[in-house]
Amino acid sequence: MSVIEKMLEILEGIDIRFKEPLHSYSYTKVGGEADYLVFPRNRFELARVVKFANQEDIPWMVLGNASNIIVRDGGIRGFVILCDKLNNVSVDGYTIEAEAGANLIETTRIALRHSLTGFEFACGIPGSVGGAVFMNAGAYGGEIAHILQSCKVLTKDGEIETLSAKDLAFGYRHSAIQESGSVVLSAKFALAPGSHQIIKQEMDRLTHLRELKQPLEYPSCGSVFKRPVGHFAGQLISEAGLKGYRIGGVEVSEKHAGFMINVADGTAKDYEDLIESVIEKVKEHSGITLEREVRILGESK
């Protein structure tokens, strides 16, 4: 029996797509094919896929919703798992529990509907709850570490564990999950009661700021670089005269130099070349070496 036949038998009922182009799913609109793109409906289907992949020695990864990721033009071998369907969000008192595939912005709106404060900072961050926990997403002085109570993860061996916020050893755009190989299944956030009107005003203010400053009208991978200590990446790039600087179909945004936008059918290689060039030119201009925040995955063409 071939691996494909075995896969179809053992993983029967799970939505698996073969040789699926990933540019259709990424925020950058770039990326080659996934050998097997999987859409599990719940954590049990996800565990079945991971265990099968481990048994058959097939590589696997969870892509979240691909908002702060560049997938290379050669695509990704093995299983690529998208958790869009694991998107349930529930509220219990002052606690919100959200599955990994839940949309982060929509989760902040649910907090607003229940007059719960603490989640406003994330009201404009694209991405999934799982990805936000994985990278300790943050904006405007807030971050996931400030509100996370606990999360359930699937270990790389396919077992389910519950971790406290302390276990995650959060740092700037970092969590211990990045090293462990585990996958976030769901997260619990501890919020506080607040005024619906005040929460809404703050969310409206932050959304307005984001729309003013960020090139939301173009495909992009979000914020490309981590914030250097004592500086802002966008400001350093701008001071180096790089706004509008372009390689292939990808350019440094004129609106916010910390973003790179796909303006003309750019490729992942265009993104990578532009990132390397910007790092080099900023180092020449200011002596500061920018560090990439965006993750680059897969194989070159």
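Our subject is the structure listed above.
Residues numbered from 1 in each chain as written. Predicted model: local features only at pLDDT ≥ 70, side-chain atom pairs only at ≥ 80, totals over all residues. Heavy atoms only, no water.

Chemist: Just to check I follow, could you spell out the overall build of the chain for this structure?
Modeler: Within the chain, the secondary structure is distributed over 8 helices and 19 strands. Taking 301 residues into account, the globule formula puts the C-alpha radius of gyration at 19 Å, and the chain, at 20 Å, falls close to it. Taken over the C-alpha atoms alone, the chain extends approximately 60 × 50 × 30 Å along its principal axes. Within the chain, counting contacts between residues at least 6 apart in sequence, those at least 24 apart form 64% of the total. Here the chain has roughly 14,000 Å² of accessible surface; of this, 49% comes from carbon and sulfur atoms. Of the side-chain charges in the chain, 33 are positive and 40 negative, and the distance between the mean point of each set is 3 Å. (Helix = DSSP H or I, 4+ residues; strand = E, 2+ residues; numbered from the N terminus. Rg over C-alpha atoms; globule rule 2.2 N^0.38 Å. Contact = heavy atoms within 4.5 Å. Areas by Shrake-Rupley, 256 points an atom, 1.4 Å probe, with all protein chains shown as cover. Lys, Arg positive; Asp, Glu negative; His and termini not counted. Charge placed at Lys NZ, Arg CZ, Asp CG, Glu CD.)

Chemist: Which parts of the structure should I look at to understand the packing of aromatic side chains?
Modeler: On inspection of all chains with the given rule, the structure shows 6 aromatic pairs. Measuring from centroid to centroid gives 5.9 Å for Tyr-25 and Phe-39, while their planes differ by 50 degrees, and the two rings are tilted. Placement of the pair is Tyr-25 in the loop between β1 (15-21) and β2 (33-39) and Phe-39 in strand β2, with a sequence separation of 14 residues. Given the relative accessible area of 6%, Phe-39 is considered buried. Members of the aromatic cluster, each reached through a chain of ring pairs, are Phe-18, Tyr-36, Phe-52 and Phe-79. (Phe/Tyr/Trp six-rings, centres within 6.5 Å; stacked < 30°, edge-to-face > 60°. Buried < 20%, exposed > 50% of the residue type's maximum accessible area, 1.4 Å probe, protein only.)

Chemist: Got a minute to help me understand helix α3 (residues 104-113) in this structure?
Modeler: An α-helical segment advances 3.6 residues per turn. Residues three or four places apart therefore align on the same side. Among the 10 residues in α3, 7 count as buried, and that is most of the element. Listed in full, the buried residues belonging to α3 are Leu-104, Ile-105, Thr-107, Thr-108, Ile-110, Ala-111 and Leu-112. Against β6 (89-92), β7 (95-99), β8 (116-117), α4 (129-134) and α6 (196-213) lie the buried residues of α3. Among the residues of α3, the N-terminal cap falls to Asn-103, whose side-chain oxygen and the backbone nitrogen of Ile-105 are separated by 2.9 Å. Directly beyond the C-terminal end of α3, a positive phi value near 55 degrees is found at Ser-115. (Polar contact = N/O pair within 3.5 Å; in protein donor to acceptor, adjacent residues only side chain to side chain.)

Chemist: Help me understand the packing of α3 against α6 in this model?
Modeler: When two helices pack together, their arrangement is captured by the angle between the axes and the distance separating the axes. For the pair α3 and α6, interaxial distance at closest approach is 9 Å and the crossing angle is 155 degrees. Looking at the two axes, α3 sits roughly antiparallel to α6. In this structure, α3 contributes Thr-108, Arg-109 and Leu-112 to the contact, and α6 contributes His-196, Ile-199, Lys-200 and Met-203. Of the residues contributing to the contact of α3 with α6, the split by class is 3 nonpolar, 2 polar and 2 charged. (Axes fitted to C-alpha atoms, helices over the stretch in contact; angles between N-to-C directions. Parallel < 35°, antiparallel > 145°, perpendicular 65-115°, else oblique. Nonpolar A, V, L, I, M, F, W, Y, C, P; charged D, E, K, R; others polar.)

Chemist: Can you walk me through the side chain of Arg-173 in this structure?
Modeler: Looking at the secondary structure, you find Arg-173 in the loop between β12 (160-164) and α5 (177-180). Of the residues examined, Arg-173 reaches a relative accessible area of 13% and is grouped as buried. Only 3.1 Å separates the side chain of Arg-173 from the backbone oxygen of Gly-138, close enough to count as a polar contact. What Arg-173 contacts, discounting residues up to four positions off in sequence, is Met-135, Asn-136, Ala-137, Gly-138, Ala-139, Glu-143, Gln-178, Lys-226 and Glu-293.

Chemist: Looking at this structure, I do not really get the nonpolar core. What am I missing?
Modeler: Within soluble globular proteins, side chains that are nonpolar generally end up buried alongside one another. Counting residues in hydrophobic clusters, the biggest one holds 31 residues, and the most contacted among them are Phe-119, Val-129, Val-133, Ile-144, Ile-177 and Phe-189. Elements represented by at least two residues in this core include exactly β7, α3, α4, β11 (148-154) and β13 (183-190). Of the residues forming this core, the biggest block, 4 residues, is contributed by α4. Non-local contacts of Phe-119, meaning those with residues more than four positions away in its chain, are made with Leu-104, Thr-107, Thr-108, Ala-111, Ile-144, Ile-147, Phe-189 and Leu-191. Within the second largest apolar cluster, 24 residues are counted, among which are Leu-242, Val-250, Ala-257 and Val-294. (Core = buried A, V, L, I, M, F, W, Y, C linked by side-chain atoms within 4.5 Å.)

Chemist: How should the sheet that holds strand β15 (residues 220-223) be read in this particular structure?
Modeler: Here we have 4 strands laid out as an open sheet, ordered β15-β18-β17-β16, and antiparallel in their pairing. Of all the strands in the sheet, the pair left with one neighbour each is β15 and β16 (246-247). For β16 and strand β17 (residues 250-252), the ladder comprises 2 bridges, and the chain directions are antiparallel. Opposite Ile-247, over in β17, you have Val-250 as the bridge partner. (Pairing = 2+ DSSP bridges.)

Chemist: Honestly, a nonpolar patch on the surface in this entry has me stumped. Any pointers?
Modeler: A contiguous nonpolar patch, built from Ile-4, Leu-8 and Phe-18 and spanning about 240 Å² of accessible area, is present on the exposed surface. Phe-18 sits in the partly exposed class, given a relative accessible area of 35%. (Patch = residues over 30% accessible without salt bridge, like charges linked within 9 Å, V, L, I, M, F, W, Y side chains within 5 Å. Salt bridge = Lys/Arg side-chain N within 4 Å of Asp/Glu carboxyl O.)

Chemist: How do you make sense of the state of the cysteines when you look at a structure like this?
Modeler: By definition, a disulfide is the covalent link that joins the sulfur atoms of two cysteine residues. All told, the structure shown has 0 disulfides when counted by the stated rule. Unpaired in this structure, Cys-151 has its nearest cysteine sulfur neighbour in Cys-83, at a distance of 13 Å. Taking relative accessible area as the criterion, Cys-151 reaches 1% and is therefore assigned buried. (Disulfide = S-S within 2.5 Å.)

Chemist: Sorry if this is basic, but what is going on with the layout of surface pockets here?
Modeler: Where empty space is left can be seen by rolling a probe of water-molecule size over the atoms. Approximately 160 Å³ is the volume found for the second largest pocket. Lining the second largest pocket, in full, are Tyr-25, Gly-64, Asn-65, Leu-82, Cys-83, Asp-84, Asn-87, Ala-100, Gly-101, Asn-103, Gly-127 and Ser-128. Partitioned by chemical class, the residues of the lining of the second largest pocket number 4 nonpolar, 7 polar and 1 charged. (1 Å grid on protein atoms, 1.4 Å probe; cavity = no way out; pocket = protein on both sides within 12 Å on 5 of 7 lines; lining within 4 Å. Points joined across faces, edges and corners; volume = space filled by probe spheres on them.)

In short, geometric facts, not functional conclusions.
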